[in-house]
Amino acid sequence: MERKEEIRDFLISRRAKITPEQAGIPSYGELRRVPGLRREEVAQLAGVSTDYYTRLERGSLRGVSDAVLEAVASALQLDEAERTHLMDLARTANSPSRRAARRPPQQRVRPGVLRLLDGMTGAVAMVQNGRSDVLAANLLGRALYGPVFESTAAAGPGTASRLPNQARYLFLDPGAGDLYPDWQAIAATTVAMLRTEAGRNPHDRALNELVGELTTRSGLFAALWAGHDVRIHTTGTKRFHHPVAGDLSLQFETLHLPGDEGQSLFTFTAEPGSASENALAFLASWAASPPEKTATSGSSAPDLRSHAGPGTLNPQPGKTEHD
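Residues numbered from 1 in each chain as written. Predicted model: local features only at pLDDT ≥ 70, side-chain atom pairs only at ≥ 80, totals over all residues. Heavy atoms only, no water.

Peer 1: Talk me through the packing of aromatic side chains; I want residue IDs and the actual numbers.
Peer 2: As enumerated under the stated definition, the model contains 9 aromatic pairs in all. Where Y180 meets F240, the ring centres are 5.8 Å apart and the plane angle is 50°; that geometry is what we call tilted. With Y180 in the loop between helix 12 (176-179) and helix 13 (183-200) and F240 in strand 3 (residues 235-242), this residue pair connects regions lying 60 residues apart in the sequence. Given a relative accessible area of 1%, Y180 falls into the buried group. (Phe/Tyr/Trp six-rings, centres within 6.5 Å; stacked < 30°, edge-to-face > 60°. Helix = DSSP H or I, 4+ residues; strand = E, 2+ residues; numbered from the N terminus. Buried < 20%, exposed > 50% of the residue type's maximum accessible area, 1.4 Å probe, protein only.)

Peer 1: Account for the packing of helix 3 (residues 39-46) against helix 4 (residues 50-57), naming residues and giving values.
Peer 2: Two packed helices can be described by the angle between their axes and the distance between those axes. Relative to each other, helix 3 and helix 4 sit at 110°, their axes nearing to 8 Å. Of the possible angle classes, the one that applies to helix 3 and helix 4 is roughly perpendicular. Each of R39, E40, V42 and A43 in helix 3 lies in contact with helix 4, whose residues at this interface are T50, Y53, T54 and E57. Split by residue class, the contact of helix 3 with helix 4 holds 3 nonpolar, 2 polar and 3 charged. (Axes fitted to C-alpha atoms, helices over the stretch in contact; angles between N-to-C directions. Parallel < 35°, antiparallel > 145°, perpendicular 65-115°, else oblique. Contact = heavy atoms within 4.5 Å. Nonpolar A, V, L, I, M, F, W, Y, C, P; charged D, E, K, R; others polar.)

Peer 1: Got a sec to walk through unusual backbone geometry? Specific residues and values, please.
Peer 2: Of note, Q77 is a non-glycine position whose phi angle comes to about 55°, a positive value. The topology assignment puts Q77 in the loop between helix 5 (66-75) and helix 6 (80-93). Notably, H228 is not glycine yet its phi reads approximately 60°, a positive angle. Take H228: it is sitting in the loop between helix 15 (219-226) and strand 3.

Peer 1: Kindly report on the side chain of K238, identifying the contributing residues and their values.
Peer 2: Assignment of secondary structure puts K238 in strand 3. Of the buried charged residues, K238 lacks a salt bridge, with D182 as the closest side chain of opposite charge at 9.6 Å. (Lys, Arg positive; Asp, Glu negative; His and termini not counted. Salt bridge = Lys/Arg side-chain N within 4 Å of Asp/Glu carboxyl O.)

Peer 1: Summarise the pairing of strand 1 (residues 124-129); cite the residues concerned and give the values.
Peer 2: Burial analysis of strand 1 places 6 of its 6 residues in the buried class, which makes it a mostly covered element. In strand 1, alternate side chains face the same way, and those of V124, M126 and Q128 on one face and A125, V127 and N129 on the other are all buried. Sheet topology places strand 1 next to strand 5 (residues 263-269); 6 bridges connect them, and they run antiparallel. Following the sheet pairing, A125 is matched in strand 5 by T267. Judged from the 3 bridges that link them, strand 1 and strand 2 (residues 134-137) form a sheet pairing that is antiparallel. Of the residues in strand 2, the one forming a bridge with M126 is A137. Between strand 1 and strand 2, which follow one another and run antiparallel, lie 4 residues, and S132 among them has a positive phi close to 70°. (Pairing = 2+ DSSP bridges.)

Peer 1: For helix 16 (residues 275-288), give the residues involved together with the corresponding values.
Peer 2: For helix 16, spanning 14 residues, the distance from its first C-alpha to its last is 20 Å, which sits close to the expected 20 Å at 1.5 Å a residue. Of all the residues in helix 16, the buried ones are S276, A279, L280, L283, W286 and A287. Down the axis of helix 16, the smallest arc covering the buried residues is 120°, so these residues share one side. Those residues of helix 16 that are buried are in contact with strand 1, helix 8 (139-144), strand 3, strand 4 (246-256) and strand 5. (Expected span 1.5 Å × (residues − 1). Arc of directions from axis to C-beta.)

Peer 1: Residue-level account of the pattern of salt bridges, with values.
Peer 2: Counted according to the given criterion, the structure contains 18 salt bridges. Put simply, D9 and R8 hold a salt bridge, and the shortest N to O gap is 3.1 Å. A residue is classified by how much of its surface remains accessible, and R8, at 34% relative accessible area, is partly exposed. Notably, a salt bridge pairs D229 with R14, separated by 3.0 Å at the nearest N-O pair. Highlighted residues: D229 in the loop between helix 15 and strand 3 and R14 in helix 1 (residues 3-17), separated in sequence by 215 residues. Classification of D229 as partly exposed rests on a relative accessible area of 34%. A relative accessible area of 3% means that R14 is categorised as buried. Through salt bridges with shared partners, a single ionic network connects R14, K17, E82 and D229.

Peer 1: How would you explain the nonpolar core if you had to name every residue and give the values?
Peer 2: Counting 46 residues, the largest nonpolar core has Y145, Y180, F240 and F268 as its most contacted members. Examining the composition of this core, we find that 6 residues originate from one element, helix 13, more than from any other. If sequence neighbours within four positions are ignored, Y180 has contacts with Y145, V148, Q166, Y169, L170, I186, K238, R239 and F240. By size, the runner-up hydrophobic cluster in this structure holds 26 residues, among which are L11, V42, Y53 and A73. (Core = buried A, V, L, I, M, F, W, Y, C linked by side-chain atoms within 4.5 Å.)

Peer 1: Go over the sheet that holds strand 1 with me, naming the residues and quoting the values.
Peer 2: Ordered in space as 2-1-5-4-3, the 5 strands form an open sheet in which the pairing is antiparallel. Each edge of the open sheet carries a strand with a single partner, namely strand 2 and strand 3. Neighbouring strand axes in the sheet, compared pairwise and without regard to direction, differ in orientation by 30° on average. Where helix 16 meets the sheet, it contacts strand 1, strand 3, strand 4 and strand 5, and its direction lies at approximately 85° from that of strand 4.

Right, dumping it as structure tokens:
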């Protein structure tokens, strides 16, 4: 990903989102040729010259002070995620040398974290990296995300040992819309998180390859990626339509693991006394006592190991209904 192009497109996209009225600039009913603010208006709001801001918008952030970046962020009314992204872009632009893109070593989850996952029996727990690879999951996590673990699209072409990837599943597996009732919103959030990660780690070869693959194979991904939206995803509610447990609405929390750079722990819990709590308890019971292999059906018991990797999850047809 070319840094200057990335910086330019991000700043232009943010400038286009701010109207003169939002910025407190009177328009006097004039016909404007550009959406949002003009460059000179952003420069005025940021307290810099138009020529200087134009240079910034052309991607030249080398040597720019944090004070100037903060002024530009305020002028563009950037939120926390967008401010952080701008600072990341500046940080990588100011790097003394450009490193060649390289594939990072396989990320492993520490034994202590795996034991923590296995000890969380009443909640869904999983560890992901910034590329949305699922590195590990507890028993309930593998049961809830069974369709993702089973998806050949999530693992990528011709690589049986590759980690399941949430973004690849969302955009390349036709069944993703069945698992996620709010598929459109989740897809947009996922792209925004990948864009944020690209700002932090522009030389991550695996991330660049993933973005290239999804841009080529999914028109929606390409359109969302071109929007340059970024997001910090820490807490919220996620809905599932699970093939075994039916409909669930779960609250999630995201915890970054300071000792393992780039890894985050995701947990999902249900509201006490809710139908989703009953559904999650049913799923936990089902996962603990999976269907046994039968000679007639040829199906096998699901592989619900903590470590992420190819497994088999063959739920019974139909869904469980809840009051």
